[in-house]
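Examining the three-dimensional arrangement
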Number of protein chains: 4
Amino acid sequence: MHQMTIPVTFGDCDPAGLVFYPNFLRWFDTSFQNILSARGFDQRRIQERFDAVGTGVMDVKSSFRAPVRYGDDLTIVSRIASYSNRSFEVTHEASVDGRLCVEALEIRGLFAMRDGRLKALDITPIKALLEHATS
Amino acid sequence: MHQMTIPVTFGDCDPAGLVFYPNFLRWFDTSFQNILSARGFDQRRIQERFDAVGTGVMDVKSSFRAPVRYGDDLTIVSRIASYSNRSFEVTHEASVDGRLCVEALEIRGLFAMRDGRLKALDITPIKALLEHATS
Amino acid sequence: MHQMTIPVTFGDCDPAGLVFYPNFLRWFDTSFQNILSARGFDQRRIQERFDAVGTGVMDVKSSFRAPVRYGDDLTIVSRIASYSNRSFEVTHEASVDGRLCVEALEIRGLFAMRDGRLKALDITPIKALLEHATS
Amino acid sequence: MHQMTIPVTFGDCDPAGLVFYPNFLRWFDTSFQNILSARGFDQRRIQERFDAVGTGVMDVKSSFRAPVRYGDDLTIVSRIASYSNRSFEVTHEASVDGRLCVEALEIRGLFAMRDGRLKALDITPIKALLEHATS
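Since the model is a prediction, treat every value here as computed from it, not as a measurement.

1. Describing the overall build of chain A
Regarding its fold elements, chain A presents three helices and six strands. Going from the N terminus to the C terminus, chain A shows its helices and strands as β-α-α-β-β-β-β-β-α. For chain A, the spread of C-alpha atoms along the three principal axes comes to 45 × 35 × 25 Å. In chain A, which comprises 135 residues, the proportion classed as buried is 54%.

2. Description of unusual backbone geometry
Positive phi, normally seen in glycine, also occurs at D51 of chain B, with a value near 50 degrees. Inspection of the secondary structure assignment puts D51 of chain B in the loop between α2 (43–50) and β2 (54–64).

3. So, the interface of chain C and chain B
In this complex, chain C contributes eight residues to the contact, which on the side of chain B involves eight residues. When the two sides are added together, the surface that chain C and chain B hide from each other amounts to roughly 730 Å², 79% of it contributed by carbon and sulfur. One can count zero salt bridges joining chain C with chain B. Our count for the contact surface shared by chain C and chain B stands at zero residue pairs in polar contact (both at pLDDT 80 or more). Among the residues making up the side of chain C that touches chain B, the classes are represented as five nonpolar, two polar and one charged.

4. A few points about the relation of the copies chain B and chain A
In the superposition of chain B on chain A (RMSD 0.0 Å, axial shift 0.0 Å), the rotation amounts to 180 degrees. What the rotation and shift describe, once combined, is the action of a two-fold rotation axis. By C-alpha distance to the rotation axis, the residue of chain B lying nearest is K61 of chain B, at 2.2 Å.

5. A few points about a positive patch on the surface
There is a patch of like positive charges on the surface, built from R86, R117 and K119 of chain A together with R69 and R99 of chain B. Checked against the element boundaries, K119 of chain A lands in strand β6 (residues 117–120).

6. A closer look at the packing of aromatic side chains
Residues and elements named next belong to chain A. All chains considered together, the criterion is met by 24 aromatic pairs over all chains. Of the aromatic side chains, those joined through ring pairs into one cluster are Y21, F24, W27 and F64. The ring of F41 has R45 sitting right over it, with the charged end atom 5.2 Å from the ring centre.

7. Let's talk about the interface of chain B and chain A
Facing 25 residues of chain B, the contacting portion of chain A comprises 25 residues. Buried area between chain B and chain A, both sides added, is near 2,000 Å², and the carbon and sulfur share of it is 62%. There are zero salt bridges connecting chain B and chain A. The tally of links between chain B and chain A comes to eight residue pairs in polar contact (both at pLDDT 80 or more).

8. As for the pattern of salt bridges
All names here are of chain A. For the structure on display, the rule yields 24 salt bridges over all chains. For the salt bridge of R114 with D51, the shortest nitrogen-to-oxygen distance reads 3.5 Å. Of this pair, R114 sits in strand β5 (residues 99–114) while D51 sits in the loop between α2 (43–50) and β2 (54–64), and the two are 63 residues apart along the sequence. Of the residues examined, D51 reaches a relative accessible area of 55% and is grouped as exposed. Several salt bridges share partner residues, and in doing so they unite D29, E106 and R108 into one network.

9. Section: the confidence of the model for chain A
Residues and elements named next belong to chain A. Averaged over all residues, the pLDDT of chain A equals 94, while 98% of them reach at least 70. Averaged over each element, pLDDT in chain A is lowest for helix α3 (residues 124–134) (81) and highest for strand β4 (residues 88–96) (98). With a pTM of 0.95, the predicted complex shows an ipTM of 0.94.

10. Things to note about the pairing of β6 of chain A
All names here are of chain A. Inspection of the sheet shows β5 paired to β6 by four bridges, in the antiparallel sense. Of the residues in β6, the one forming a bridge with M113 is L118. Counted between consecutive antiparallel strands, the loop separating β5 from β6 contains two residues, among which D115 sits at a positive phi close to 55 degrees.

11. Regarding helix α2 (residues 43–50) of chain D
Turn by turn, an α-helix covers 3.6 residues, leaving residues three or four places apart pointing in a common direction. Residue and element names in this part refer to chain D. Taken together, the buried positions of α2 are Q43, I46 and F50. Buried residues of α2, seen end-on, are gathered within an arc of 60 degrees and therefore sit on one face of the element. In α2, the exposed residues that point more than 90 degrees away from the buried face are E48 and R49. By the N-cap criterion, in which a side-chain oxygen at the helix start approaches the backbone nitrogen of a residue two or three places on, α2 is capped by D42, the distance to R44 being 3.1 Å. Just past α2, the residue D51 takes up positive phi, approximately 50 degrees.

12. Brief notes about the pairing of strand β1 (residues 2–7) of chain C
On a regular strand, each side chain points to the face opposite its neighbour's, so the side chains alternate between the two faces of the sheet. Residue and element names in this part refer to chain C. Side chains H2, M4 and I6 project from β1 onto a buried face, and the interleaved Q3, T5 and P7 project onto a face without burial. Bridge count between β1 and strand β3 (residues 73–83): six bridges; the pairing is antiparallel. Considered in β3, the bridge of T5 is made with T75.

13. Things to note about the relation of the copies chain C and chain B
Each copy of the sequence occupies a distinct position, and chain C is placed on chain B by a rotation of 180 degrees and an axial shift of 0.0 Å, giving an RMSD of 0.0 Å. Looking at the interface residues of chain C, 100% of them are also at the interface in chain B, so both copies use one shared face.

14. Looking at the packing of helix α1 (residues 22–38) of chain A against helix α1 (residues 22–38) of chain B
Running from amino to carboxyl end, α1 of chain A crosses α1 of chain B at an angle of 175 degrees, the nearest separation of the two axes being 8 Å. Here α1 of chain A is positioned roughly antiparallel relative to α1 of chain B, judged by the angle of their axes. For the pair formed by α1 of chain A and α1 of chain B, the contact residues are P22, L25 and R26 of chain A on the first element and P22, L25 and R26 of chain B on the second. A class-by-class count of the residues in the contact of α1 of chain A with α1 of chain B yields four nonpolar, no polar and two charged.

15. As for the side chain of N23 of chain A
Residues and elements named next belong to chain A. The topology assignment puts N23 in helix α1. The exposure class of N23 is buried, given its relative accessible area of 11%. Here D12 takes part through its backbone oxygen, which lies 2.9 Å from a polar atom of the side chain of N23. A polar atom in the side chain of N23 sits 3.1 Å from the side chain of R26.

16. Some details on α1 of chain A
Residues and elements named next belong to chain A. With 17 residues, α1 extends 25 Å from end C-alpha to end C-alpha; this agrees with the ideal 24 Å at 1.5 Å per step. Burial analysis of α1 places 15 of its 17 residues in the buried class, which makes it a mostly covered element. Positive backbone phi, at 85 degrees, marks G40, one or two positions downstream of α1.

Calculation criteria
- Residues numbered from 1 in each chain as written.
- Chains lettered and ligands numbered in written order.
- Predicted model: local features only at pLDDT ≥ 70, side-chain atom pairs only at ≥ 80, totals over all residues.
- Heavy atoms only, no water.
- Helix = DSSP H or I, 4+ residues; strand = E, 2+ residues; numbered from the N terminus.
- Buried < 20%, exposed > 50% of the residue type's maximum accessible area, 1.4 Å probe, protein only.
- Contact = heavy atoms within 4.5 Å.
- Buried area = accessible area lost by both parts, 1.4 Å probe.
- Salt bridge = Lys/Arg side-chain N within 4 Å of Asp/Glu carboxyl O.
- Polar contact = N/O pair within 3.5 Å; in protein donor to acceptor, adjacent residues only side chain to side chain.
- Nonpolar A, V, L, I, M, F, W, Y, C, P; charged D, E, K, R; others polar.
- Least-squares fit on C-alpha atoms with pLDDT ≥ 70 in both.
- Patch = residues over 30% accessible without salt bridge, like charges linked within 9 Å, V, L, I, M, F, W, Y side chains within 5 Å.
- Areas by Shrake-Rupley, 256 points an atom, 1.4 Å probe, with all protein chains shown as cover.
- Lys, Arg positive; Asp, Glu negative; His and termini not counted.
- Charge placed at Lys NZ, Arg CZ, Asp CG, Glu CD.
- Phe/Tyr/Trp six-rings, centres within 6.5 Å; stacked < 30°, edge-to-face > 60°.
- Lys NZ or Arg CZ within 6 Å of the ring centre and 35° of its normal.
- pLDDT = per-residue confidence, 0-100.
- Pairing = 2+ DSSP bridges.
- Arc of directions from axis to C-beta.
- Axes fitted to C-alpha atoms, helices over the stretch in contact; angles between N-to-C directions.
- Parallel < 35°, antiparallel > 145°, perpendicular 65-115°, else oblique.
- Expected span 1.5 Å × (residues − 1).

So, in structure tokens, the structure goes:
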């Protein structure tokens with residue numbers, strides 16, 4: 001689990017005064033990268049260790065339940081929720097003053113160039129490393 | 001239906017040389033705004049006409065099927081796929097050289113401040129205007 | 001003076017693995033907005049108080065002395081350096097591990113719509129409020 | 001010389017309804033990359049050809065003369081204005097309806113890792129190639 005707080009600033013918002021929605025996805029990606037770095041990983045180390053391009057998003061689903069405004073402090077709680085063979089799920093919950101505003105579910109994989117194509121690798125080795133790091 | 005082509009540039013891509021994924025959502029939003037403007041609408045006119053904050057995304061689902069790289073020409077085809085009472089669906093398909101790379105489904109609503117809260121309005125009037133504009 | 005630290009993340013960087021340079025300007029803007037909010041101001045309050053559109057940048061000059069990379073912690077120190085009649089200067093210094101990497105000088109004004117045009121207002125009143133707030 | 005037109009969209013603008021200023025620098029970078037690609041170059045080819053990290057900005061100076069708004073069509077004209085030993089100057093002029101709104105001068109270099117440090121290379125070879133490409 002990783003938690004961070006984003007003070008929503010002027011430039012994050014659109015002419016309606018609300019967060020321009022792709023920014024939430026940008027922050028969710030940051031939060032995921034922070035999960036990795038809290039466990040001693042980053043995209044560079046993943047590239048080297050697994051001869052990979054890095055982790056990447058295969059699917060994302062996000063719901064916007066309440067508006068987030070310029071001046072709000074947005075708290076994002078992210079976790080790796082589950083693992084399957086070639087992907088893992090990351091969840092994000094973003095709240096302001098304890099009120100859930102945005103949630104997202106990302107399905108991510110570990111990708112590498114093999115025979116000129118980007119392929120999703122077996123994630124067993126990275127899973128072991130990530131879980132070991134947390135225990 | 002609206003189509004546009006984005007020449008993917010250096011700054012759109014991450015250290016893996018692939019499009020940083022929130023940028024796709026940014027382009028999908030641009031493409032949706034272009035649907036509106038092709039019909040004579042923009043967020044300002046919507047605000048005035050409906051005493052609204054504007055249209056906003058309630059849910060988004062996106063799948064990343066193939067990598068998009070620096071130097072690719074990304075063609076995005078977007079359409080308003082369906083309407084219900086308080087929302088409408090917008091689909092986006094992004095391809096490179098005819099190969100589908102990313103798709104998305106957004107559920108959008110028309111929002112207004114009523115009694116101090118953001119509420120989804122009945123979209124019948126905007127639907128009529130948008131459909132009239134296209135016929 | 002305002003100081004903040006940005007952990008440079010994957011999505012802030014370009015395919016060369018270095019911060020995509022407009023992001024520095026984005027962070028400098030955030031840092032300036034933080035100067036305001038530390039003094040009890042934000043763009044909304046400025047709009048209301050001065051019947052203004054807000055503060056805006058008239059000129060910016062920035063020098064990039066050393067590369068900033070994915071994984072770096074970037075510390076930004078910003079201050080309002082001086083005031084003249086219709087503008088004020090904001091300086092930003094961004095360092096990694098004590099090494100100055102980027103600096104910038106922004107000339108900002110307080111803008112309002114008057115007779116259908118955006119005009120730079122006399123900044124004496126905002127100067128008084130900002131200085132009072134810090135003393 | 002390279003010219004492009006950006007239809008300014010909703011998400012490019014801040015709560016004041018004006019373009020959030022770092023976006024101009026983002027577009028200027030795109031316009032510079034387009035100068036390169038019009039001459040058959042991109043950052044990847046530059047990396048390979050010169051064993052370089054790529055071109056990068058050393059200094060930028062930009063003036064914001066008139067506001068640019070959501071819905072404006074922004075025309076950007078960019079050119080490589082001059083070359084010196086280890087840098088070259090790129091100018092950008094951005095106008096709406098023929099009215100100059102933003103201008104910028106970038107000093108750029110060609111950078112490579114040499115002995116563990118980023119160094120500005122002699123640009124004579126790239127100058128020859130760029131000038132040859134245009135003639």
